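Letter by letter, the chains look like this.
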Amino acid sequence: MTPDFHEFFTLFAKISKKIHANTDTKDILACIVENITRILSAKGCIFWILNTEKQCIETKIFHGFDYQSLMRTDYTTLMTLFEDHKKACVVIPNAREDDRIPDLERLGKRKINSVTGLFFNISGPYTGLLAVYFMGNRTLEPHELELVTALGEQGATALEKAMGHDKKILEIYRKIVEGFALAIEARDRVTHGHSRRVATLSRLTARQMGLDDVMVKNIFHAGILHDIGKIGTRDTVLDRLGHLTPKEMEQIRQHPVLGADILVPLTFFEDIAPMIRHHHERFDGTGYPDKIEGKHIPLGARILAVCDVFETMTAGRPGMRSKDLGSAICELKHGVGTLFDPNVVQAFFAMIQAHPQAMEIHESIDDVLDMLRQNMADLALQNRLEKKTARLFPTGF
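Residues numbered from 1 in each chain as written. Predicted model: local features only at pLDDT ≥ 70, side-chain atom pairs only at ≥ 80, totals over all residues. Heavy atoms only, no water.

**Student:** I'd like to hear about the pattern of salt bridges, residue by residue, with values.
**Tutor:** Evaluated as defined, the whole model comprises 4 salt bridges. Residue Glu144 pairs with Arg138 through a salt bridge whose shortest N-O separation is 3.0 Å. Judged by its relative accessible area of 1%, Glu144 is buried. Among the salt bridges present, the one from Glu311 reaches Arg197, with a minimum N-O distance of 2.4 Å. Taken together, the residues Glu311 in helix H13 (residues 299-315) and Arg197 in helix H7 (residues 194-208) connect sequence positions 114 residues apart. (Salt bridge = Lys/Arg side-chain N within 4 Å of Asp/Glu carboxyl O. Buried < 20%, exposed > 50% of the residue type's maximum accessible area, 1.4 Å probe, protein only. Helix = DSSP H or I, 4+ residues; strand = E, 2+ residues; numbered from the N terminus.)

**Student:** I'd like a description of the nonpolar core, backed by residues and values.
**Tutor:** If you look at the biggest cluster of nonpolar residues, it comprises 34 residues, and the most contacted ones within it are Leu201, Leu263, Val306, Leu332, Phe348 and Met351. Those elements that place two or more of their residues in this core are H7, helix H8 (213-225), helix H11 (255-263), helix H12 (273-277), H13, helix H14 (325-334) and helix H15 (342-354). Beyond its immediate sequence surroundings of up to four residues, Leu332 is in contact with Val306, Val309, Phe310, Met313, Phe340, Phe348 and Phe349. By size, the runner-up hydrophobic cluster in this structure holds 31 residues, among which are Ile36, Ala42, Ala156 and Ala158. (Core = buried A, V, L, I, M, F, W, Y, C linked by side-chain atoms within 4.5 Å. Contact = heavy atoms within 4.5 Å.)

**Student:** Go over the sheet that holds strand E1 (residues 44-51) with me, naming the residues and quoting the values.
**Tutor:** Judged by pairing direction, the sheet is antiparallel, and its 5 strands sit side by side in the order E2-E1-E5-E4-E3 without closing on themselves. The strands lining the two open edges of the sheet, one partner per strand, are strand E2 (56-64) and strand E3 (90-92). Ignoring which end each strand starts from, the neighbouring axes of this sheet average 20° apart. In this sheet, strand E5 (residues 126-133) lies alongside strand E4 (residues 115-121) in antiparallel orientation, the contact comprising 7 bridges. Paired with Asn121 across the strands is Thr127, a residue of E5. (Pairing = 2+ DSSP bridges. Axes fitted to C-alpha atoms, helices over the stretch in contact; angles between N-to-C directions.)

**Student:** Requested: an account of the packing of H13 against H15, with residues and values cited.
**Tutor:** Where H13 contacts H15, the two axes come as close as 10 Å, and the packing angle between them is 55°. It follows that H13 is oblique to H15 by the angle criterion. Every pair of crossing elements has a handedness; the one defined by H13 and H15 is right-handed. In this structure, H13 uses Leu299, Arg302, Ile303, Val306, Cys307 and Phe310 to contact H15, whose residues at the interface are Val344, Val345 and Phe348. Considered class by class, the residues forming the contact of H13 with H15 number 8 nonpolar, no polar and 1 charged. (Parallel < 35°, antiparallel > 145°, perpendicular 65-115°, else oblique. Left-handed = near helix turned anticlockwise from the far one by under 90°. Nonpolar A, V, L, I, M, F, W, Y, C, P; charged D, E, K, R; others polar.)

Set out below in structure tokens:
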């Protein structure tokens, strides 16, 4: 190949401009693999994003011939193929006869001969692996290797920039969550500590149900913020809960909608907003605001519903005496199948038996804020970033 340096520098400048303009990372990587394939007259090119901590392939983007023997391989096989990632590049000289490459489709294996792979460091546990494959026995010339390396580094830079942007957003979100928690605490004059207790009971119930850590943390956050919509409610109404006019009651019934609307623009809370919107739905479809029923109600909202009602009964309200544990449990039993999800109530009872101390929740607002701070970093990695890459690079893209 005769290098066309003008074309290369034009392409390099184009990709740099995309990165600095915050162009969609998918478009940047697609541009890179497409142009590497074209400039090198390759059969195809793949850019994998690997999570070395979880030892999995997060996603991939490719251009050219769909080389399924590589496209469908798993993390372990991929790392075995390109095991010496400390080298500048790893060459597989004869892919057709390499037993490490799964023979998922013989036609594809016959069409590909040599493969060159390069690793690129990305933020945190993420690593990029760029592979170029050819029909013939092809070894990259030094100037070709420099080209592929430069473009691969551009891809890594784009991903780092996107993740760095997420870190800044995360810090903003963390401050927003803390601000919301403090705001709820400040408004919570009559039902002091209600949101904290609901959050703790919901977290324990979610764990009892065997939900994964991300879901548990989302439900905890939803518990803290489930009444955030009441920030827009007048103090004169909040002070008279239990003695409201029909008009005031209708106003109160809008707080799940208002709460969800507050969080909708904050994409980090996209899984939390539906829990907040629907935590007053009933299992038989007679709740509010949307009168949805059964499994159509988000699971987190069904958990919040049980814990919210239970905490209200045991803590009491103006004009409503608190109930003892036995009476509150009986009330929940009466609501099984109509007000509440039977599976959630069963898990809640099992949680109370396993954690009797849950009835005496003493976390201060500072304790809750500490828990929020600890959870936010995990949620960012496990929730937003994973979803972001999943949206950018669908499986099999």
